[in-house]
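Next come the chains, spelled out residue by residue.
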Amino acid sequence: MQRTELFRGNHTWYVFGRDPDKLNDIIDTNQYLIVDSSGATLLDPGGVETFSAMLAAVATCCDIADIRYLFASHQDPDIISSLGLWDRAVPQAKLYAPWLWEGFIKHFGCRQIEYVSIPDEGMSLPLGATRLDFIPAHYLHSSGNFHVYDRSARILMSGDIGAALEPPGSPMFVDNFSEHTSRMKLFHQRWMPSNKAKNDWVRRVRELDIDIMAPQHGRLFRGDDVQRFLDWFEALEVGIAHRGGEQSAA
Amino acid sequence: MSQTPPHTEELFAQTARSVSYLEGVRRTANEITLSAANAKAVAARAGSKAAGFIPITNFVDEMGRETRHLVERVNRDAQLTVREALAELYLRDSLERMQRGCAGLEEPGAHLTAISRTMTTDLKAASDRTNRQLVQLREVLSQINDHARTASMMSTRARVEATVAEEYQHSLESVADTVEAAATRIREVVLRCRSMLDAANDERSRRGLAHATN
């Protein structure tokens, strides 16, 4: 599992991904870890198949016993199907996840970890000297969906927004935005169901100060590429499915 | 990558399969009860000509009810065994994933070592629960088998009694045949379930994952 440090200050951000031992037929995912003086927080810890590699990778950054919080942006298996295993490894931790999915996510196994429901309007989680804001991103793509914004690190963990379907071993950051759009287009058109939700999200995210936009699949955006992404996404028609050769817009 | 041992999966699969087979035994037990009711009616019409037949039908009737009751119990036990085997399977898979993660570290640390130890203990307990459940399941299967064997014997006795029932002989022999056929079917299913479970469990025992259930 590749580890990349994204930010170092009063706290540290890491991204894990590009696991060389991953099964070929499962989608590659980015997992995020924030380590601060009070403990550690795992964002979208990943699926059951990535657990072993993640456990080993996270243990190189902090003591596993120090993991206090988990966050799940939504209910998908590649996001949180490892929950039953983390429930064993860090029974004292709390899971922050959308209220909408509580009864569903618990199917992955959540006997000891406390499930903290995030209300639709979002909430904040104080974290040592900083705080994480859980930003609503409903219908992008899940009907109960949140992103994580860290104002002091200026990082937005954007879940499936900005995701790209790429071959194994691709770089961690976008290096040529125009070229990269071809890897994102189909994903966003098909997975994102609502133009209204998309445009509302773009409007709100434009107000944030962001250095790095960090999706759950594919490459991360930094610097000007963040604004380029927002412009591209705003102009993109989403909610398009192909049926019998015809296009229909949601 | 999942490294779940096939022998545990096999036990889970075979037990789940036996649940569906045993559902057929319930239907057959119903047939025995119906035959007994039918035989009672014939015997009542036959009066003194079938006097020796009445205690047999009463016995078969009672045995049919007991078999149905046992089949319900064995179904519950089989479903519990499936659940326990699945819990064991899940724990074993979790422990393997945890150990694989730890293997990637130079020093797993006290926390992960303690977690692995707890999981190993839990797995042992889950395995013991599966074994206990299997023992119970086999006991109930044996009881059903005994009932079916007795039904077989009673059908032979019924045929003897039928010979003195004059014009009712044919009807009573037909009842005896139905009971005999039902008992044979039950014994076949029980035998098949037992050999499936034994084969799957022998494999677990061979690999030191289970205690012998005999």
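Definitions and cut-offs
Residues numbered from 1 in each chain as written. Chains lettered and ligands numbered in written order. Predicted model: local features only at pLDDT ≥ 70, side-chain atom pairs only at ≥ 80, totals over all residues. Pairing = 2+ DSSP bridges. Helix = DSSP H or I, 4+ residues; strand = E, 2+ residues; numbered from the N terminus. Axes fitted to C-alpha atoms, helices over the stretch in contact; angles between N-to-C directions. Core = buried A, V, L, I, M, F, W, Y, C linked by C-beta atoms within 7 Å. Buried ≥ 20, exposed ≤ 12 C-beta atoms within 10 Å, placed from the backbone. Contact = placed C-beta atoms within 7 Å. Nonpolar A, V, L, I, M, F, W, Y, C, P; charged D, E, K, R; others polar.

Student: Got a minute to help me understand the sheet that holds strand E2 (residues 12-17) of chain A in this structure?
Tutor: Sheets are built from strands paired through backbone hydrogen bonds, the pairs being either parallel or antiparallel. Residue and element names in this part refer to chain A. Read across the sheet, seven strands follow the order E1-E2-E3-E4-E5-E6-E7 without closing on themselves; strand pairing throughout is mixed. The sheet is open, and its two borders are formed by strand E1 (2-8) and strand E7 (114-118), each paired with just one other strand. Within this sheet the neighbouring strands show an average axis-to-axis angle of 20°, counted without direction. Both strand E6 (residues 94-98) and E7 contribute to a ladder of five bridges, which runs parallel. The partner of Lys94 across the bridge, within E7, is Glu114.

Student: Mind showing me how you'd approach the nonpolar core here?
Tutor: Soluble globular proteins tend to bury their nonpolar side chains together. If you look at the biggest cluster of nonpolar residues, it comprises 80 residues, and the most contacted ones within it are Tyr32(A), Leu33(A), Leu70(A), Met213(A) and Ala214(A). When residues in this core are grouped by element, the largest group, six residues, is from helix H1 (residues 51-58) of chain A. The residues touching Met213(A), leaving out its near neighbours within four places in the chain, are Leu156(A), Ser158(A), Gly162(A), Leu220(A), Phe221(A), Val226(A) and Phe229(A). Formed by 44 residues, the second largest nonpolar core is a distinct cluster that contains Ala43(B), Ala50(B), Phe53(B) and Ala165(B).

Student: Just to check I follow, could you spell out the interface of chain A and chain B for this structure?
Tutor: When the parts of a complex come together, some accessible area is lost, and that lost area is often taken as the interface size. Contact with chain A, which involves 13 residues of that partner, is made by 13 residues of chain B. Put simply, the parts of the chain that give the side of chain A that touches chain B at least two residues each are H1 and helix H3 (83-89) of chain A. Broken down by class, the residue content of the side of chain A that touches chain B amounts to nine nonpolar, two polar and two charged.

Student: I keep staring at the sheet that holds strand E9 (residues 130-136) of chain A and nothing clicks. Help me out?
Tutor: Pairing is mixed in the open sheet, where six strands are placed in the order E8-E9-E10-E11-E12-E13 (chain A). With partners counted over all chains shown, the strands left at the sheet margins are strand E8 (123-127) and strand E13 (221-222) of chain A, one partner each.

Student: So what exactly am I meant to see when it comes to the environment of Trp13(A) here?
Tutor: Residue and element names in this part refer to chain A. Mapping Trp13 onto the fold places it in strand E2. In sequence terms Trp13 and Ala137 are 124 residues apart; their C-alpha atoms lie 21 Å from each other. The residues contacting Trp13, other than those within four sequence positions of it, are Leu6, Phe7, Tyr32, Ile34, Ala153 and Ile155.

Student: Can you walk me through the environment of Thr41(A) in this structure?
Tutor: Residue and element names in this part refer to chain A. On the secondary structure map, Thr41 appears in strand E4 (residues 39-43). Note on Thr41: 27 C-beta atoms within 10 Å, which makes it buried. Taking the C-alpha atoms as reference, Thr41 lies 9.6 Å from Lys94; in sequence the two are 53 residues apart. When near neighbours in sequence (up to four residues on either side) are disregarded, Thr41 contacts Ile34, Arg68, Tyr69, Phe71 and Leu127.

Fair warning: the whole summary comes from geometry, so function is off the table for now.
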